[in-house]
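Spelled out from the first residue to the last, the chains are:
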Amino acid sequence: MAVDHYENFPVASILLPRRLVPAVEAIYAFARSADDLADEGNATPDERLAALEAYERELDQIDVGATSSDPMFTRLAGVVAQYRLRLAPMRDLLSAFKQDVVTQRYADYASLLDYCRRSADPVGRLMLALYGADDADNVRESDAICSALQLTNFLQDVAIDLEKGRIYIPLEDLARFKVSEAALRAGTVDAPFQALMRFEVERTRALMLSGAPLAKRLPGRIGWELRMIVQGGLRILDRIEHAGYDVFRRRPVLSAPDWFMVGWGALRM
C-alpha cells in the first residue's frame, strides 16, 4: 500500500521503532482498506455500507476470540492480542467511514469535530496504546493534534473534496463569512473567502498548539515523531496563509525547504 495514501499513519517514518512496524502496518491495512471501501471505486452507497458492516462483524469476531478467514483480520487480531488494544478506536474509524458515505455537509464546528473524533483521533489513541502511553492527559492532547491534522487536510483539500461532492467547512462558517457553495465551486478567492480561510486556519492552529505539549512530554522516538507531525501540520497551515488562501490553484505541499523548517521547528520544541 502506498503510505502517503493515508496521511495520519507514520508507517514509513524512520522514527518508528522497528519492533512496532508490523503492528502499525496491520492497523494501517485495516484503516486504509476500510477508507477505500467508503471512497474508492464505483460501488453504490448501499454496497459501501454493507462492506463496512462486514468489517464491523470481523471486529466482533476478534472481540470474542474467533478465527477469521481473512488474513488481514487474522494479523490484526494478533496485534490486538499482543498489545491488548481496545477495539473502540477501530469501531470509531468504521463509524466515520460510514458517515462519509451518507454525509457531505456539516452544519457547525461541533459536528465536524465529532467526525474528527472518529476519523482521526483513533489513530493517535492506537499509537499511544502501542507505546504504552495512553493515559488520560496524553489521550486528550493527542486528540487535539489528530483533529487539527484532519482539519488541516480539509483546508488543504477544499478543491479535492468538492470533486467528491463534499464540503468540510462548516455551513455556519460559510454563512457567517458570506461564502456560497457556488463560489467554492468556482474557486473564487475574494475577500470573504480569504477571511473565512483565515478564521479556519487560526482556529486549527490553536487546536494543534493546544496538543503540542504532548510532543515535548513523551520521551524518545515517539516524542520526536510527534514533534515532526505537529510541525508538519503547522507548516501546511503557514503555506495556506502564504498562498493567500488560494487552495484551489496553489494547493500547499511541503518541499525540501519546508521539511528543513519542520525539522528546525521540531528541534526548537
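Rules and cut-offs
Residues numbered from 1 in each chain as written. Predicted model: local features only at pLDDT ≥ 70, side-chain atom pairs only at ≥ 80, totals over all residues. Heavy atoms only, no water. Helix = DSSP H or I, 4+ residues; strand = E, 2+ residues; numbered from the N terminus. Rg over C-alpha atoms; globule rule 2.2 N^0.38 Å. Buried < 20%, exposed > 50% of the residue type's maximum accessible area, 1.4 Å probe, protein only. Contact = heavy atoms within 4.5 Å. Areas by Shrake-Rupley, 256 points an atom, 1.4 Å probe, with all protein chains shown as cover. Lys, Arg positive; Asp, Glu negative; His and termini not counted. Charge placed at Lys NZ, Arg CZ, Asp CG, Glu CD. Salt bridge = Lys/Arg side-chain N within 4 Å of Asp/Glu carboxyl O. Patch = residues over 30% accessible without salt bridge, like charges linked within 9 Å, V, L, I, M, F, W, Y side chains within 5 Å. Domains from an automatic or database assignment. Buried area = accessible area lost by both parts, 1.4 Å probe.

Peer 1: Can you help me understand the overall build of the chain in this one?
Peer 2: Secondary structure summary: the chain contains 14 helices and zero strands in total. Taken against the 2.2 N^0.38 rule, which gives 18 Å for 269 residues, the C-alpha radius of gyration of the chain at 19 Å falls within 12% of a compact globule. The buried share of the chain, taken over its 269 residues, is 52%. Contacts in the chain between residues far apart in sequence, at least 24 positions, make up 71% of those at least 6 positions apart. Entry remark: accessible area of the chain is about 12,600 Å², with carbon and sulfur atoms responsible for 54%. One way to put it: in the chain the 33 positive side-chain charges average out to a point 5 Å from where the 39 negative ones average out.

Peer 1: What is the right way to look at the pattern of salt bridges in this model?
Peer 2: One side chain can pair with another of opposite charge once the charged atoms of both are near each other. The final tally for this structure, using the stated rule, is 19 salt bridges. Between R140 and D137 there is a salt bridge, with the nearest N and O atoms lying 3.1 Å from each other. Placement of the pair is R140 and D137 together in helix α7 (residues 136-156), with a separation of three residues, close to one helical turn. For R217, the salt bridge is made with E141, and the minimal N-O distance between the two is 2.9 Å. Note that R217 is positioned in helix α12 (residues 213-217) and E141 in helix α7, a separation of 76 residues in sequence. A residue is classified by how much of its surface remains accessible, and E141, at 12% relative accessible area, is buried. Linked through salt bridges whose partners overlap, the residues forming this network are R32, D35 and D36.

Peer 1: Which parts of the structure should I look at to understand a nonpolar patch on the surface?
Peer 2: Together, W224, F260, M261, W264 and L267 make up a nonpolar patch on the protein surface, roughly 560 Å² of accessible area in all. At four residues, the largest contribution of residues to the nonpolar patch is made by helix α14 (residues 256-268). Structurally, the position occupied by F260 is in helix α14. What makes F260 exposed here is its relative accessible area of 59%.

Peer 1: I keep staring at the domain arrangement of the chain and nothing clicks. Help me out?
Peer 2: Frequently, the measure chosen for interface size is the accessible area removed from exposure when the parts meet. For the chain, the assigned domains read domain 1 (17-102) and domain 2 (104-268). Distance from the C-alpha centre of domain 1 to the C-alpha centre of domain 2: 24 Å. With 20 residues of domain 1 in contact, the opposing surface of domain 2 contributes 16 residues. Note on domain 1 versus domain 2: buried area summed over both sides is about 1,700 Å², and carbon and sulfur give 59% of it. On the domain 1 side of the contact with domain 2, P17, Q99 and D100 bury the most area, a combined 28% of that side's loss. Across the domain 1-domain 2 interface, the total number found is one salt bridge.

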